[in-house]
Amino acid sequence: MGDENGNYNFTASIFPLDQKKPNVIFLNHLDIVPAGNYDLWEHPPFSGKITDTEIWGRGAFDNKGAAVMQLFSIIEIAQRYKNKSLNYNFTFLSVSCEETQCDGGIKYVVDNYLNDLNAAVVLGEGPPAIKGLIEAKPDLALFGISVAQKRALWLELSLEIKTNGHSAVTPFQYANKEMVIALNKLLSDKPDVIFNSINTNLLKQLGKLNGGVKGYALKHPKLFKKEILKKLQEDPLMLSLFSNTITLTSIKDENEKVNAIPTKVMATLDCRLLPDESSQTFINNLKAKLDNEAIEIKIISEMKDGGISSTKTSFFKHLNTAILKSYPKSKTASVLLPNSNDISVFREHNIPAYSLIPIKLERKYLETIHNYNERIPKGIIEKGTQTYIHFMELCITD
């Protein structure tokens, strides 16, 4: 499904796609973020080094570890049901352009092959289990099954002010200074907390798991809004699920001399919007906070709003059951993904889509994703694979 450099995508299925069986699709991506300075890696980033306890390399978690779990679970089902007819097809779908946002990838696949895929449900990358979300039970692992995600809105700000060129005489106003002042106003402002159906439901789920007074408060967020707001402001992860976020990712100009004043400066913002949030309304509010009419705002890239997948489907129920079979002392919850990935394209076509990686992963490993020394512990591959196998068995026997 595309075989050019930067747009290489393929499927591998148990049954031929032209049989038009309802298809359970396992989505993953082939591309990765750059490895950076190789000298800062303990093992070379593309060596695939396997130690006694870990698998090393760029993409070990994102997204090759997840892809391997998906692939071997489908192979196992293919072997178990060899020469048997099943009500579902199971497909391994690998795409490009997820990290690099190049032309092609999942958009190309959906634009040209959506009918061939005949998707009944799509499972893609998402969060692993997280500990510490339940204060009353800090060691309890909570598996989040993402039913929606924030969407990316990438913006470029530009400001041009013509002044004298020599920095020995400082103008009252010049481009870099005014941009920094405006950005300081924007980024110093606390984000507005927005309660919607999905993050409010998350609070209620956490309340049920916590129990006690805290649990009661979480189950009634409107009554205890002030207290909940205070707690959200203390936790960047939880706050990101209740707000549109703005991250300054670069400030640049064409100046290469210390003693020269550039006339133009640009900044890029990685903004992530909650479901049902308007891009134009967000940009209007952003302009007001910058408080500088001379700053121009251009949209670099904008994802569509994929909507929310239902928790009432048999597939969501089977995911819950499969996770709890593999991890009987854990809990599950439907969640919003604070980042964005390819799976939302299927939601745009009203196809149920769920994001998760059914593994437990310590925080020290999470911190290596998109960073130096990315690696995963060896044992999680088999555990995640087995969870996907449980899920497929439930689909087959339903």
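Residues numbered from 1 in each chain as written. Predicted model: local features only at pLDDT ≥ 70, side-chain atom pairs only at ≥ 80, totals over all residues. Heavy atoms only, no water.

The name given to the protein in an unreviewed UniProt entry is Putative succinyl-diaminopimelate desuccinylase, with Winogradskyella psychrotolerans RS-3 as the source organism.

Q: How should the sheet that holds strand S11 (residues 245–252) be read in this particular structure?
A: Strand pairing in a sheet is mediated by backbone hydrogen bonds. Such pairs are either parallel or antiparallel. As summarised here, the arrangement of the four strands in space is S11-S12-S10-S13, forming an open sheet in which the pairing is antiparallel. Among the strands making up the open sheet, the edge pair consists of S11 and strand S13 (296–302). Each strand axis lies, on average, 25° off the axis of its neighbour in the sheet, ignoring direction. Bridge count between strand S10 (residues 151–160) and strand S12 (residues 264–273): 10 bridges; the pairing is antiparallel. (Pairing = 2+ DSSP bridges. Helix = DSSP H or I, 4+ residues; strand = E, 2+ residues; numbered from the N terminus. Axes fitted to C-alpha atoms, helices over the stretch in contact; angles between N-to-C directions.)

Q: What is the right way to read a positive patch on the surface from this model?
A: On the surface, Lys131, Lys329, Lys360 and Lys383 cluster together into a patch of positive charge. Checked against the element boundaries, Lys131 lands in strand S8 (residues 130–131). Judged by its relative accessible area of 52%, Lys131 is exposed. (Patch = residues over 30% accessible without salt bridge, like charges linked within 9 Å, V, L, I, M, F, W, Y side chains within 5 Å. Areas by Shrake-Rupley, 256 points an atom, 1.4 Å probe, with all protein chains shown as cover. Salt bridge = Lys/Arg side-chain N within 4 Å of Asp/Glu carboxyl O. Lys, Arg positive; Asp, Glu negative; His and termini not counted. Charge placed at Lys NZ, Arg CZ, Asp CG, Glu CD. Buried < 20%, exposed > 50% of the residue type's maximum accessible area, 1.4 Å probe, protein only.)

Q: How should the environment of Thr51 be read in this particular structure?
A: Take Thr51: it is sitting in the loop between strand S4 (23–29) and strand S5 (54–56). On the basis of relative accessible area, Thr51 is assigned to the partly exposed category, the value being 23%. Distance in space between the C-alpha atoms of Thr51 and Lys378 is 8.7 Å, their sequence separation being 327 residues. In this structure Thr51 touches His43, Trp56 and Lys378, once residues within four positions along its chain are discounted. (Contact = heavy atoms within 4.5 Å.)

Q: Honestly, the packing of aromatic side chains in this entry has me stumped. Any pointers?
A: In this description, an aromatic ring pair is defined by two values, namely the gap between the centres and the angle between the planes. Counted by the stated rule, this structure contains 12 aromatic pairs. Ring geometry for Phe26 and Phe391: centres 6.5 Å apart, planes at 80°, overall edge-to-face. One end of the pair, Phe26, is in strand S4; the other, Phe391, is in helix H12 (residues 379–397), with 365 residues separating them in the sequence. The exposure classification of Phe26 matches that of Phe391, with both residues buried. Among the aromatic residues, ring-to-ring pairing joins Tyr8, Phe10 and Phe92 into one connected group. Cation over ring: Lys21 sits above Phe15, and NZ or CZ is 4.7 Å from the ring centre. Residue placement shows Lys383 over the ring face of Tyr327; its charged tip is 5.4 Å from the ring centre. (Phe/Tyr/Trp six-rings, centres within 6.5 Å; stacked < 30°, edge-to-face > 60°. Lys NZ or Arg CZ within 6 Å of the ring centre and 35° of its normal.)

Q: Help me understand the side chain of His43, please; the structure alone is not making it clear to me.
A: Summarising the element assignment, His43 is placed in the loop between S4 and S5. Classification of His43 as buried rests on a relative accessible area of 18%. Among all residues touching His43, those that are not within four sequence positions of it are Lys49, Thr51, Trp56 and Asn373.

Q: Looking at this model, I keep getting lost on the domain arrangement of the protein. Mind explaining?
A: A common measure of how large an interface is: the accessible area buried when the components associate. What the domain assignment lists for the protein is domain 1 (10–126 + 341–397) and domain 2 (151–302). Relative placement of domain 1 and domain 2: their C-alpha centres are 31 Å apart. (Domains from an automatic or database assignment.)

Q: When you look at the side chain of Thr200 in this model, what are you seeing that I'm missing?
A: Tracing the chain through its elements places Thr200 in helix H4 (residues 197–210). Judged by relative accessible area, Thr200 falls into the buried class, the value being 16%. Polar contacts involving the side chain of Thr200 include one to the main-chain carbonyl oxygen of Asn196, which spans 2.7 Å. The contacts of Thr200, once residues within four sequence positions are left out, are Phe195 and Pro221. (Polar contact = N/O pair within 3.5 Å; in protein donor to acceptor, adjacent residues only side chain to side chain.)

Q: Sorry if this is basic, but what is going on with the pattern of salt bridges here?
A: Where charged atoms from two side chains of opposite charge come close, those side chains can pair. Tallied over the entire structure, the rule returns 11 salt bridges. With a shortest N-O distance of 2.7 Å, Arg58 and Glu374 are connected by a salt bridge. Taken together, the residues span a long stretch of sequence, with Arg58 in the loop between S5 and helix H1 (64–80) and Glu374 in the loop between helix H11 (363–366) and strand S16 (375–377) at a distance of 316 residues. Overall, Glu374 belongs to the buried group, its relative accessible area being 1%. Among the salt bridges present, the one from Asp291 reaches Lys185, with a minimum N-O distance of 3.2 Å. On the criterion of sequence distance, the pair formed by Asp291 in the loop between helix H8 (279–290) and S13 and Lys185 in helix H3 (residues 175–188) is long-range, its members being 106 residues apart. Look at the salt bridges and you will find they share partners, linking Glu76, Arg80 and Glu393 into a network.

Q: Teacher, can you tell me more about the packing of helix H9 (residues 314–326) against H12 here?
A: Between two packed helices, the angle of one axis relative to the other and the distance separating the axes together describe the packing. Contact geometry of H9 with H12 gives a least axis separation of 8 Å together with a crossing angle of 135°. By the criterion of interaxial angle, the relationship of H9 to H12 is oblique. In the packing of H9 onto H12, the handedness of the crossing is right-handed. Every residue of H12 that contacts H9 at Phe315, His318, Leu319, Thr321, Ala322, Ile323, Lys325 and Ser326 is listed here: Lys383, Gln386, Thr387, His390, Phe391, Leu394 and Cys395. The class makeup of the residues in the contact of H9 with H12 is seven nonpolar, six polar and two charged. (Parallel < 35°, antiparallel > 145°, perpendicular 65-115°, else oblique. Left-handed = near helix turned anticlockwise from the far one by under 90°. Nonpolar A, V, L, I, M, F, W, Y, C, P; charged D, E, K, R; others polar.)

Q: Help me out: how do you make sense of the layout of surface pockets in this one?
A: Taking a probe equal in size to a water molecule and rolling it over the atoms shows the remaining empty space. Looking at the second largest pocket, its volume works out to about 510 Å³. If you go around the second largest pocket, you meet 22 residues; those closest to its centre are Glu135, Lys214, Lys231, Asp235 and Met238. Contributing elements (two or more residues each) for the lining of the second largest pocket: S8, H4, helix H5 (212–219), helix H6 (225–232) and helix H7 (236–240). It is H6 that provides the largest number of residues to the lining of the second largest pocket, a total of five residues. Tallied by class, residues from the lining of the second largest pocket come to 11 nonpolar, two polar and nine charged. (1 Å grid on protein atoms, 1.4 Å probe; cavity = no way out; pocket = protein on both sides within 12 Å on 5 of 7 lines; lining within 4 Å. Points joined across faces, edges and corners; volume = space filled by probe spheres on them.)

Q: Just checking my understanding: could you explain H3 for this structure?
A: Because the α-helix completes a turn every 3.6 residues, residues three or four places apart line up on one side. If you check H3, its first and last C-alpha atoms are 20 Å apart, about what 14 residues at 1.5 Å a residue would give, namely 20 Å. Within the sequence span of H3, burial applies to Ala175, Glu178, Met179, Ala182, Leu183 and Leu186. Looking down the long axis of H3, one finds its buried residues gathered within 130° of arc, a one-sided arrangement. Residues of H3 that are buried make contact with S10, S11, S12 and H8. (Expected span 1.5 Å × (residues − 1). Arc of directions from axis to C-beta.)

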